[in-house]
Amino acid sequence: MTDDLERRLTEAPAGDLDLERLRATLAERAGEAGLLDVAYGTYDSPLGPLTVFVTPRGLVRLSYPGEPVEAQVDELAATISPRVMAAPTRTDDVRRQLDAYFAGSRTSFDVPIDWRLVRGFANAVLRATARIPFGGISTYREIAAEAGSPNAYRAAGNALGSNPVPIVVPCHRVLHAGGGLGGYTGGLDRKRYLLALEGVLEA
Amino acid sequence: MHLPPFETLIDAHATELHRFLVARVGPTEAEDCLQETFMSALRAYPRLRHDANLRAWLYTIAHRKATDVVRRAMRRPSSSLDGIDPAASPAPVAADDGLWADVRALPPKQAAAVVHRFVFDLAFAEIGQRMGTSEEAARRSVHEGLTKLRRRIPHDR
């Protein structure tokens, strides 16, 4: 039996909810409560919009445009923790340092790296790469040797190609022994731009 | 198979949960209650079983938060019999707020079941699923809730 009472119950007030604001408030509160395992935000760089992912341990991923952000968020939910939220203010430190780097006023990054996405030999390769200074270059073979396997330069190339934190771990500073640029995750134009910014190539 | 990123839960369920909470605790308290729901969910999330029914899980938490709010309101000395403190709700009162105050004053299970049944137009089996009880228990809660509401509400309204 549908009576007057039941009809009135179906006419509940909907209430207004600002979803954007709710997301922002929750991200803020979650960060303060230490419940955010992965936070991310966008950084507008001269090389296009980058996505910065940080964990309480440090920078875990920095990605060029092209790969859908949702896919990366999914991947990090699976590999690091499902407590992932957009929380741009958590990435402010990294974004400020990127600003200074692109403005030419910073030559090294002072952000801890969360290395959890990189295992084994690739980890050794990227840690060796992180030691190449601003304005310097290295070769795939040298980096392989630094990582402990001089002959594994192809594997070193693969590790550099899947660097989860380009720019900050400067895989753009690794070139072919013969002087060729080699490859780059973000495309060769971006590699040229970064090398020019650092004074290795002519602008 | 792994748990989806937490923020997708907010996108997928916040609006619906908010509507549930507006009916359960009123428009003034609903948003706070929704925040508390998601904060509790976030705290427990990594330990959740991968095949859990996420929506039902969120409703269980929201129901608990709503019950806390209603109980607190009832304990407040200034509160009226229907559990709503007039001084604490400056929001414009809907024409039918009397009815919703009566719903809020129902035992929590009955209030939740009535909201699921009539606000969301759910079948008893689904109400049972969202409340973590059986279809039969859901039917009973709705029935008992309606009976109480009929007794409270004058026939000529």
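Residues numbered from 1 in each chain as written. Chains lettered and ligands numbered in written order. Predicted model: local features only at pLDDT ≥ 70, side-chain atom pairs only at ≥ 80, totals over all residues. Heavy atoms only, no water.

(A) Highlighting the interface of chain B and chain A. Counting residues at the interface gives 35 residues for chain B and 34 residues for chain A. Summed over both sides, the interface between chain B and chain A buries roughly 3,300 Å², with carbon and sulfur atoms accounting for 64% of that surface. Its largest share of buried area at the contact with chain A, chain B owes to Glu-7, Met-39 and Phe-118 of chain B, together 18% of the area lost on that side. Joining chain B to chain A, the criterion identifies 6 salt bridges. The salt bridge involving Glu-7 of chain B is made with Arg-23 of chain A; its shortest N-O contact spans 3.1 Å. Contributions of two or more residues to the side of chain B that touches chain A are made by helix H1 (6-25), helix H2 (27-44), helix H4 (97-104), helix H5 (108-119) and helix H7 (135-152) of chain B. With 9 residues, H1 of chain B is the single largest residue contributor to the side of chain B that touches chain A. (Contact = heavy atoms within 4.5 Å. Buried area = accessible area lost by both parts, 1.4 Å probe. Salt bridge = Lys/Arg side-chain N within 4 Å of Asp/Glu carboxyl O. Helix = DSSP H or I, 4+ residues; strand = E, 2+ residues; numbered from the N terminus.)

(B) Structural view of the domain arrangement of chain A. Residue and element names in this part refer to chain A. For chain A, the assigned domains read domain 1 (23-102) and domain 2 (118-197). For domain 1 and domain 2, the distance between their C-alpha centres works out to 23 Å. Contacts between the two partners involve 12 residues from domain 1, matched on the other side by 13 residues from domain 2. A buried area of about 1,200 Å², summed over both sides, lies between domain 1 and domain 2, and 70% of it is on carbon and sulfur atoms. When the buried area of domain 1 at its contact with domain 2 is split by residue, Leu-47, Tyr-64 and Tyr-101 rank highest and sum to 54% of it. Across the domain 1-domain 2 interface, the total number found is 0 salt bridges. Counting across the domain 1 and domain 2 interface gives 3 residue pairs in polar contact (both at pLDDT 80 or more). Counting residues per element, the side of domain 1 that touches domain 2 draws most heavily on strand S3 (residues 58-63), which supplies 4 residues. (Domains from an automatic or database assignment. Polar contact = N/O pair within 3.5 Å; in protein donor to acceptor, adjacent residues only side chain to side chain.)

(C) Looking closely at the nonpolar core. Leu-9, Leu-59 and Ile-167 of chain A together with Phe-6, Phe-38 and Trp-57 of chain B are the most contacted members of the largest nonpolar core, which totals 97 residues. Tallying contributions element by element places H1 of chain B first for this core, with 10 residues. A domain split of this core shows at least three residues from each of domain 1 (23-102) and domain 2 (118-197) of chain A. For Phe-38 of chain B, the contacting residues outside a window of four places in its chain are Leu-22 and Leu-26 of chain A together with Phe-6, Leu-9, Ile-10, Ala-14, Leu-17 and Leu-58 of chain B. With 9 residues, the next largest nonpolar core counts Tyr-40, Leu-76, Ile-80 and Val-84 of chain A among its residues. (Core = buried A, V, L, I, M, F, W, Y, C linked by side-chain atoms within 4.5 Å. Buried < 20%, exposed > 50% of the residue type's maximum accessible area, 1.4 Å probe, protein only.)

(D) Seen up close, the pattern of salt bridges. Tallied over the full model, the rule gives 24 salt bridges over all chains. Among the salt bridges present, the one from Arg-83 of chain A reaches Asp-37 of chain A, with a minimum N-O distance of 3.0 Å. Of this pair, Arg-83 of chain A sits in the loop between helix H3 (69-79) and strand S4 (84-86) while Asp-37 of chain A sits in the loop between helix H2 (19-32) and strand S1 (38-45); the two residues are 46 residues apart in sequence, bridging distant segments of the chain. Across the pair, exposure class does not vary: Arg-83 of chain A and Asp-37 of chain A are buried alike. With a closest N to O distance of 3.4 Å, Arg-139 of chain B and Glu-136 of chain B form a salt bridge. Of this pair, Arg-139 of chain B and Glu-136 of chain B are both found in helix H7, 3 residues apart, which corresponds to roughly one turn of the helix. One continuous salt-bridge network, built from bridges that share partners, spans Asp-4, Arg-7, Arg-8 and Glu-11 of chain A.

(E) Up close: the packing of H2 of chain A against H2 of chain B. Packing of H2 of chain A against H2 of chain B brings their axes to within 11 Å, and their N-to-C directions diverge by 50°. When the axes of H2 of chain A and H2 of chain B are compared, the pair comes out oblique. Crossing of H2 of chain A over H2 of chain B shows right-handed handedness. The segment H2 of chain A lies against H2 of chain B, with Arg-21, Leu-22, Thr-25, Leu-26, Arg-29 and Ala-30 of chain A engaging Glu-31, Leu-34, Gln-35, Glu-36, Phe-38, Met-39 and Leu-42 of chain B. Within the contact of H2 of chain A with H2 of chain B, the residues separate by chemical class into 7 nonpolar, 2 polar and 4 charged. (Axes fitted to C-alpha atoms, helices over the stretch in contact; angles between N-to-C directions. Parallel < 35°, antiparallel > 145°, perpendicular 65-115°, else oblique. Left-handed = near helix turned anticlockwise from the far one by under 90°. Nonpolar A, V, L, I, M, F, W, Y, C, P; charged D, E, K, R; others polar.)

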